[in-house]
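The chain contents come next:
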Amino acid sequence: MSSAPILALENLTMRFGGIIAVNALSFTAQRKQITALIGPNGAGKTTVFNCITGFYKPTSGVIRLTHDDGAQFEMQKLKDYNISKQAKVARTFQNIRLFPGMTALENLMVAQHNALMKASGLTFLGLLGVPSWRSAEQSAIDNAVFWLKRVGLLDRADDAAGNFAYGDQRRLEIARAMCTGPALLCLDEPAAGLNARESGALSELLLSIRSDHDTSILLIEHDMSVVMEISDRVVVMDYGVKIAEGTPREIRDDPKVIAAYLGTDEEEAAAVMEAEA
Amino acid sequence: MSASPRASSPASSNGSEPVGAAFILKKAVLSALVALGLFSLMVGVRTEAGQSGQLEYWTRFGELASLVGAVFIGSIVVELLRMWLGPRGGLGSFVPSSVQNGMSVAGRYLAPALLIFTFLVPVIFYNQRYILDLGILVLTYVMLGWGLNVVVGLAGLLDLGYVAFYAVGAYSYGLLSTTFGLSFWICLPLAGILAAFWGVLLGFPVLRLRGDYLAIVTLAFGEIIRLVLINWQDVTGGPNGISGIPRPSLFGIPLTPGEGGLASMLGIPFSPTHRIVFLFYLILALALLTNWVTIRLRRLPIGRAWEALREDEVACRALGINITTTKLTAFATGAMFGGFAGAFFATRQGFISPESFTFQESALVLAIVVLGGMGSQLGVALAALAMIGGFELFRSLEVYRMLVFGLAMVLIMIWRPRGIVGHRAPTVFLEKSKSISSDLVKEGHG
Ligand SMILES: Nc1ncnc2c1ncn2[C@@H]1O[C@H](COP(=O)(O)OP(=O)(O)OP(=O)(O)O)[C@@H](O)[C@H]1O
Ligand SMILES: [Mg+2]
């Protein structure tokens, strides 16, 4: 197994006209760990995700991904679809993006597109219905069923995704991302809009994805209870730059972080903390 | 590839519209004003060349007033109907689910019944040439509709130039058969391949465009192909077209009178109806092939990717789907079916000219797909029957035919905004295939 971190950002900068949404950001995400990326609204977290997953071309900087076997990818050079196909990075979206008119099962089948495309002989063998295609299709269905069961939506496999409740949609989106067989899973606020029970279940799911499925996770989250409970490391951003990095415990007690969240300066925050203690 | 993200979801068009008397009146007045602007020159002033070529004109304010009035009242009626029939899902949302289930059961038997009836048409109407010809025409449009359905209904790409591929298919067969003497059965796949090739060629630069832009460029492409056909006289014969295109043979046996013809080989008297019946089954077979392939493609990863693309392009990219090639395959597949239909058209007519491939054809086929319910095979077939058959039905109305026809279409679209068959059937299921209501299914916007 490669000893390099799974993901390394080096001086990533993303500029939109006059706005610098991400400014010379560097951090690493370790293999088989959960790395949380937090920060106040508008800090640039989603922009970092969009750069990693190829939706934005960064203005400058390097995003390096290293697979277990040592294969390396410079993501800023890859075509958007190759980030999932070759670099094996899957993501979810802050505002859920399922295929609402397709069933849960179909959503998970679409996620296995590239593998199935190959198995169907670029459609031609599939059109003829050769046995090897049929067995590949069946194993794709089995994989989908596995993940539906894993997120507790098996009984709703044949329902349209657009009919799902909000929390169910979030979990279905995670299942869909996992069906691509990712090495790195990027989740953009998976706990947003979930109630306490649901976010507890989400924490368990993410921990199990990390340990049982050998997947590293990069997590944007505002819900601090989730972040503190499951992340191995936390990176804090504000105004496009990294202001702190460390274990959840270190971050919680960092006056810079508190200042950023409270919107005050450091001394004041320190004073607030002392008063509380 | 574009580096900028797509704007997040388009605002829903059916939000909470204010519906009150004032709103309806305002809308009606607006429509009437537009009508006034449009018709004041078209109808209000009549121009003609006089005896010695000078311009003569006179005004027709009476007609103009009645037209604008009709638009005003029509607009109010449409709004009121909308209000009564429900703002969102049309009548569909008022129909209880038991009735809808009943309809879907009927739908299950409707398709086989329709198919059996279609097979029997040449037997039942053997002596009615008119009906047979009409049947061939309807089936041609069913096939074109099914072909375009791949592009518009499944992949959600608005293509207003579909007739271009129909033309490519027709001219491919016409030219290959008259210049090289190739038979229909060799030219048929070639016509499909050439049309698909043109589909890819057109698609490549165009598919980065979305929505309206794509529609306009494809529309232009349809016109360009027609203009090329008119102006490239040496090859295409220009406005005169190509004549003397060979009629199809039954695997080499011609359907002609006299020695060597099918009739004399079978020892039955020759009748020109044989050829019509043969053509009928030929287009039926081609249409069914289109249908079979489309249904299978939907259940393959490529077809699922088309539908996913229609649902959410951004999510597709995140799942590793190459959207450019996926769109191209949809374009090429639709074009190929259009090419087959074109080759059939050429062999049936024996004569083709650019006049047969105007924008009106594209619009008609698109109307069939939209009216049928985008994505639904049965819906498209029914819509083709209704449009082409209905058009014939209204023949007795003479000048009012278009008017009645247009009104009927407007009413159908108010009644069922998502087409005759609006719901979507899943392509794979674990326990039970539940049809998906039309208001969840996206129409695509690229
Ligand atoms: N496509 C874009 N064009 C212009 N500005 C953008 C674009 N995308 C993001 N921004 C800007 O970049 C900044 C960071 O936005 P981003 O969405 O990354 O924040 P965030 O940390 O994800 O916030 P939130 O917690 O609210 O999701 C904001 O000021 C935003 O307006
Ligand atoms: Mg965000």
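Fair warning: this is a prediction, and the values are worked out from it, not measured in the lab. The residue numbers shown here count from 1 along each chain, following its written sequence. Chains carry letters from A onward and ligands carry numbers from 1 onward, assigned in written order. With pLDDT at 70 or above as the cut-off, local features in this predicted model cover only qualifying residues; side-chain atom pairs require 80 or more to be listed or tallied, and sums for whole chains, interfaces and linings still use all residues. Calculated side-chain values reflect all of the structure's heavy atoms, with hydrogen atoms and water omitted.

A. Molecular detail of the overall build of chain B. Helix and strand counts for chain B stand at 16 helices and 4 strands. When accessible area is computed with a 1.4 Å probe and restricted to protein chains, residues below 20% of their type maximum are described as buried, those above 50% as exposed, and intermediate ones as partly exposed. The buried share of chain B, reckoned over its 446 residues, is 45%. Note on definitions: a residue-residue contact is assigned when non-hydrogen atoms from the two residues lie within 4.5 Å. Here the contacts in chain B between residues at least 6 apart in sequence split such that 72% fall between residues at least 24 apart. Counting only carbon and sulfur atoms, one obtains 68% of the accessible surface of chain B, whose full area is about 21,900 Å². Numbering of helices and strands runs from the N terminus, with a helix taken as a DSSP run of H or I at least four residues long and a strand as a DSSP run of E at least two residues long. Method for areas: the Shrake-Rupley scheme with a 1.4 Å probe, in which residue coverage is limited to the protein chains shown.

B. Expanded view of the coordination of the magnesium ion (ligand 2). For Na, K and Ca the donor cut-off is 3.2 Å; for every other metal, N, O and S atoms count as donors within 2.8 Å. Water does not enter the count, which can leave sites looking incomplete. At the metal site, the magnesium ion (ligand 2) is ligated by A:T46 (OG1) and A:Q94 (OE1), and these contacts range over 1.8 to 2.1 Å. Here the residue A:T46 occupies a position in helix α1 (residues 45-52), and A:Q94 occupies one in the loop between β6 (89-91) and α3 (104-111), the gap between them amounting to 48 residues.

C. Spatial organisation of helix α6 (residues 184-206) of chain B. Residues and elements named next belong to chain B. Between its terminal C-alpha atoms α6 stretches 32 Å, which fits the 33 Å expected from 23 residues at 1.5 Å a residue. Those residues of α6 lying buried are F184, C187, L188, A191, G192, A195, A196, G199, L202, G203 and V206. Close packing links the buried residues of α6 with α5 (163-180), α7 (211-231), α10 (273-298) and α13 (323-349). Expected span of a helix, by definition, is 1.5 Å for each gap between consecutive residues, and there is one gap fewer than residues.

D. Looking closely at the packing of helix α7 (residues 166-178) of chain A against helix α8 (residues 196-212) of chain A. All names here are of chain A. Here α7 crosses α8 at 5 degrees, and the two axes come no closer than 11 Å. Comparing their axes, α8 and α7 come out roughly parallel. Contacts between α7 and α8 pair G167, I174 and M178 from the former with E198, L202, L205 and I209 from the latter. Residues are grouped as follows: Ala, Val, Leu, Ile, Met, Phe, Trp, Tyr, Cys and Pro are nonpolar; Asp, Glu, Lys and Arg are charged; every other residue, Gly included, is polar. When the residues that make up the contact of α7 with α8 are grouped by side-chain class, the tally is 5 nonpolar, 1 polar and 1 charged. Only the stretch in contact is used when fitting a helix axis, every axis being a line fitted to C-alpha atoms; angles between N-to-C directions are given from 0 to 180 degrees. Each angle is binned into one of four classes, with values under 35 degrees roughly parallel, values over 145 roughly antiparallel, values of 65 to 115 roughly perpendicular, and all other values oblique.

E. Just the site of ligand 1, in detail. Of all residues adjacent to ligand 1, which total 14 residues, the nearest are A:N41, A:K45, A:T46, A:T47 and A:Q94. A molecule or strand has a residue near it when one of that residue's heavy atoms lies within 4 Å. Mapping the residues adjacent to ligand 1 onto the chains of the assembly identifies chains A and B. A distance of 2.6 Å is found between an oxygen atom of ligand 1 and a side-chain nitrogen or oxygen belonging to A:T46. One of the side-chain nitrogen or oxygen atoms of A:Y56 is found 3.2 Å away from a nitrogen atom of ligand 1. When isolated, ligand 1 has an accessible area of 640 Å², and the protein chains bury 67% of it. Whenever two N or O atoms come within 3.5 Å, that pair is a polar contact, provided that in protein one can donate a hydrogen and the other can accept it, and provided that, for residues adjacent in sequence, both atoms are side-chain atoms.

F. Looking closely at the interface of chain B and chain A. Each partner contributes residues to the interface: chain B has 43 residues there, and chain A has 47 residues. Around 3,700 Å² of area is buried between chain B and chain A when both sides are counted, 66% of it from carbon and sulfur atoms. Any Lys or Arg side-chain nitrogen located within 4 Å of an Asp or Glu carboxyl oxygen qualifies as a salt bridge. Counting across the interface, chain B meets chain A through 4 salt bridges. Ionic pairing is found between B:R304 and A:E137, a salt bridge with its closest N-O pair at 3.9 Å. Linking chain B with chain A are 12 residue pairs in polar contact (both at pLDDT 80 or more), by the criterion used here. Two parts placed together each lose some accessible area under a 1.4 Å probe, and adding up what both lose gives the buried area.

G. Main features of unusual backbone geometry. Residues and elements named next belong to chain A. Positive phi outside glycine occurs at K88, with the angle close to 60 degrees. Here K88 shows up in the loop between α2 (80-85) and β6. Positive phi outside glycine occurs at D214, with the angle close to 50 degrees. Following the sequence through the fold, D214 ends up in the loop between α8 and β8 (216-220).

H. Here's a closer look at the side chain of B:E311. Position of B:E311 relative to the elements: it lies in helix α11 (residues 301-311). A distance of 3.1 Å separates the side chain of B:E311 from the backbone nitrogen of B:K442, its partner in a polar contact. In contact with B:E311, not counting residues within four places along its chain, are A:F99, A:P100, A:G101, A:M102, B:L440, B:V441 and B:K442.

I. Local environment of the domain arrangement of chain B. Throughout the structure description, domain borders are defined by an automatic or database domain assignment. Domain boundaries in chain B define domain 1 (19-49 + 57-86) and domain 2 (113-244 + 273-440). Computed from C-alpha atoms alone, the centre-to-centre distance between domain 1 of chain B and domain 2 of chain B is 34 Å.

J. Expanded view of the nonpolar core. Only buried residues count toward a nonpolar core. Its members are Ala, Val, Leu, Ile, Met, Phe, Trp, Tyr and Cys residues joined through side-chain atoms within 4.5 Å. Among the nonpolar cores identified, the biggest contains 140 residues, and A:L172, A:L206, A:I209, B:I352 and B:F357 are the most heavily contacted of them. With residues near it in sequence (within four places) discarded, A:I209 still touches A:W147, A:I174, A:M178, A:L185, A:D214, A:T215 and A:I217. Grouped together as the second largest cluster of nonpolar side chains are 32 residues, A:F27, A:I63, A:I83 and A:A183 included.

K. Main features of the confidence of the model for chain B. Residues and elements named next belong to chain B. Confidence scores per residue from the predictor, reported as pLDDT, run from 0 to 100. Of all residues in chain B, 88% have pLDDT values of 70 or greater, and the mean over the chain is 81. Across chain B, α11 holds the top mean pLDDT of 93, while helix α9 (residues 262-266) sits lowest at 69. In this model residues 87-94 is a low-confidence stretch, pLDDT under 50, and it forms 16 contacts with partners more than four residues away in sequence or in other chains. For this predicted complex, the interface confidence reaches an ipTM of 0.89, while the overall pTM sits at 0.82.

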